[in-house]
Amino acid sequence: MISTSGLSPFVGISLVRENREVFEADVQRDPTSAREIDAFRERIASIGTIDELVEDYEVFSFVMKSFGLEDEIYAKAMMKEIITSDTEDSSSLVNKLSDSNYTSINEELGFSTDGLAGENFQDAEWIDSMVARYTTQRLIDTQSEVNESVGVALTFDQKIQSMTNWYSILADVELTSFFTTAFGLPDAFDSADIDAKKAMFESRLSIEELQDPEVREKLIRQYSAFADVINSQETQSAAVTLLSNGTDYTQITIDIDMVQGFSASKYL
């Protein structure tokens, strides 16, 4: 598999974009991934209850990895409750958890609250979309293992267009990490309450602006610049090389002293 190890987030994400088919083919050739994809395609239509899903290890693994929840594969009881939670009930488990991936898996699988599968398990287009989701998430996961910052940037690239409010973004750990870094916010920001975080993000960028491709590209550049500074642990300043167009490169210098007062609007 092509590696992004040692690359800045912007160069890494550009490499993935330009070689997307190669990266995805590598993911699907991996023996474990190939086995889980085949199992999902062959058996998902025969699964009728939540119990049947969690007891089929390969299919359940496929589903969990598709939503970035690989670490929770063995938490079967909790996942059964999450997947069958009523999203309209504020007291349900899925609404008590901050990770947006739990809401996504609940809504996408479409189980009823009594544990019965919906009609989507019979839908060939839905099955194809799940394989695409699995492939994208595995690509992100494998790149994250060799370059965490690239993984976070890829997550932003994948998810951001579907986000319609800052609360949804703040419910996603990796997206929150992306914006905290891209906006140059200090470590103390992590301890702020969610309303304060939302206000801080809003003061730098409106949620509507995230639909602009140019704004998203500039945010990835900003994230890359600050991530490089943080990763290199420079205490005064750092020269960060960003990929601009094709093989052309632009040099910029970032003073680490400006991080505390950084405003995205200055660069957008």
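Residues numbered from 1 in each chain as written. Predicted model: local features only at pLDDT ≥ 70, side-chain atom pairs only at ≥ 80, totals over all residues. Heavy atoms only, no water.

### Some points on the nonpolar core
As a rule of thumb, soluble globular proteins bury nonpolar side chains together. In terms of nonpolar packing, the biggest core is built from 33 residues, with W166, I169, F178, F179, L210 and L219 touching the most fellow members. Elements represented by at least two residues in this core include exactly α1 (9-18), α2 (20-29), α9 (124-146), α10 (148-159), α11 (166-170), α12 (173-182) and α14 (213-232). Counting residues in each nonpolar core, the second largest holds 30 residues, with I37, V59, M64 and F121 among its members. (Core = buried A, V, L, I, M, F, W, Y, C linked by side-chain atoms within 4.5 Å. Buried < 20%, exposed > 50% of the residue type's maximum accessible area, 1.4 Å probe, protein only. Helix = DSSP H or I, 4+ residues; strand = E, 2+ residues; numbered from the N terminus.)

### Description of the pattern of salt bridges
This model, assessed by the stated rule, comprises 16 salt bridges. Across the salt bridge formed by K80 and D51, the nearest N and O atoms sit 2.6 Å from each other. Highlighted residues: K80 in helix α6 (residues 76-83) and D51 in helix α4 (residues 50-55), separated in sequence by 29 residues. When its relative accessible area of 27% is taken as the criterion, K80 is described as partly exposed. Across the pair R138 and D141 runs a salt bridge whose closest N-O atoms are separated by 3.2 Å. You can see R138 and its partner D141 sitting in helix α9, 3 residues apart, about one turn around the helix. R138 gets classed as buried once you look at its relative accessible area, which sits at 12%. (Salt bridge = Lys/Arg side-chain N within 4 Å of Asp/Glu carboxyl O.)

### Things to note about the packing of aromatic side chains
Enumeration over the complete set of coordinates arrives at 16 aromatic pairs. With centroids separated by 5.4 Å and ring planes inclined at 85 degrees, the aromatic side chains of F111 and F121 adopt a geometry described as edge-to-face. Here F111, found in the loop between α8 (100-109) and α9, pairs with F121, found in the loop between α8 and α9; they are 10 residues apart in sequence, far enough to count as distant. Judged by relative accessible area, F121 falls into the buried class, the value being 1%. Cluster of aromatic residues (ring-pair linked, three or more members): F156, W166, F178, F179, F183, F189, F201 and Y223. (Phe/Tyr/Trp six-rings, centres within 6.5 Å; stacked < 30°, edge-to-face > 60°.)

### Some details on the environment of D86
If you trace the backbone, D86 turns up in the loop between α6 and α7 (93-96). Looking at D86, the relative accessible area reads 35%, which means it is partly exposed. Along the backbone, D86 and D114 are 28 residues apart, and their C-alpha atoms lie at a distance of 9.9 Å. Not counting chain neighbours up to four residues away, the residues in contact with D86 comprise S92, N95 and T113. (Contact = heavy atoms within 4.5 Å.)

### Brief notes about the packing of helix α3 (residues 31-43) against α9
The geometry of α3 relative to α9 is characterised by a closest axis approach of 11 Å and an angle of 160 degrees between their N-to-C directions. Taken as axis vectors, α3 and α9 run roughly antiparallel relative to one another. Where α3 crosses over α9, the two elements pack in a sense that is right-handed. Of the residues in α9, those in contact with T32, S33, E36, I37, F40 and R41 of α3 are W126, I127, D128, M130, V131, Y134 and R138. Here the residues of the contact of α3 with α9 sort into 7 nonpolar, 2 polar and 4 charged. (Axes fitted to C-alpha atoms, helices over the stretch in contact; angles between N-to-C directions. Parallel < 35°, antiparallel > 145°, perpendicular 65-115°, else oblique. Left-handed = near helix turned anticlockwise from the far one by under 90°. Nonpolar A, V, L, I, M, F, W, Y, C, P; charged D, E, K, R; others polar.)

### Digging into the side chain of T84
With respect to the helices and strands, T84 occurs in the loop between α6 and α7. Exposure remark for T84: the relative accessible area of 14% places this residue in the buried category.

### Focus: the confidence of the model for the protein
Confidence in the prediction of the protein, expressed as mean pLDDT, is 85, and 86% of residues score 70 or more. Across residues 234-268 the pLDDT falls below 50, and counting only partners more than four positions away or on other chains, this stretch makes 73 contacts in the model. (pLDDT = per-residue confidence, 0-100.)

### Examining α10
Since one α-helical turn is 3.6 residues long, residues separated by three or four positions face the same way. Spanning 12 residues, α10 covers 17 Å between terminal C-alpha atoms, matching the ideal 16 Å at 1.5 Å per step. A large share of α10 lies buried, amounting to 9 of its 12 residues. By the burial criterion, the buried members of α10 are S149, V150, G151, V152, A153, L154, T155, F156 and K159. Packed against the buried residues of α10 are α1, α8, α9, α12 and α14. (Expected span 1.5 Å × (residues − 1).)

### A closer look at α14
Taking 1.5 Å as the rise per residue, α14 with 20 residues should run 28 Å; its terminal C-alpha atoms sit 29 Å apart, in good agreement. Taken together, the buried positions of α14 are V215, R216, L219, I220, Q222, Y223, S224, A225, F226, A227 and V229. For α14, the capping residue at the N-terminal end is D212, with a side-chain oxygen 2.9 Å from the backbone nitrogen of E214. (Polar contact = N/O pair within 3.5 Å; in protein donor to acceptor, adjacent residues only side chain to side chain.)

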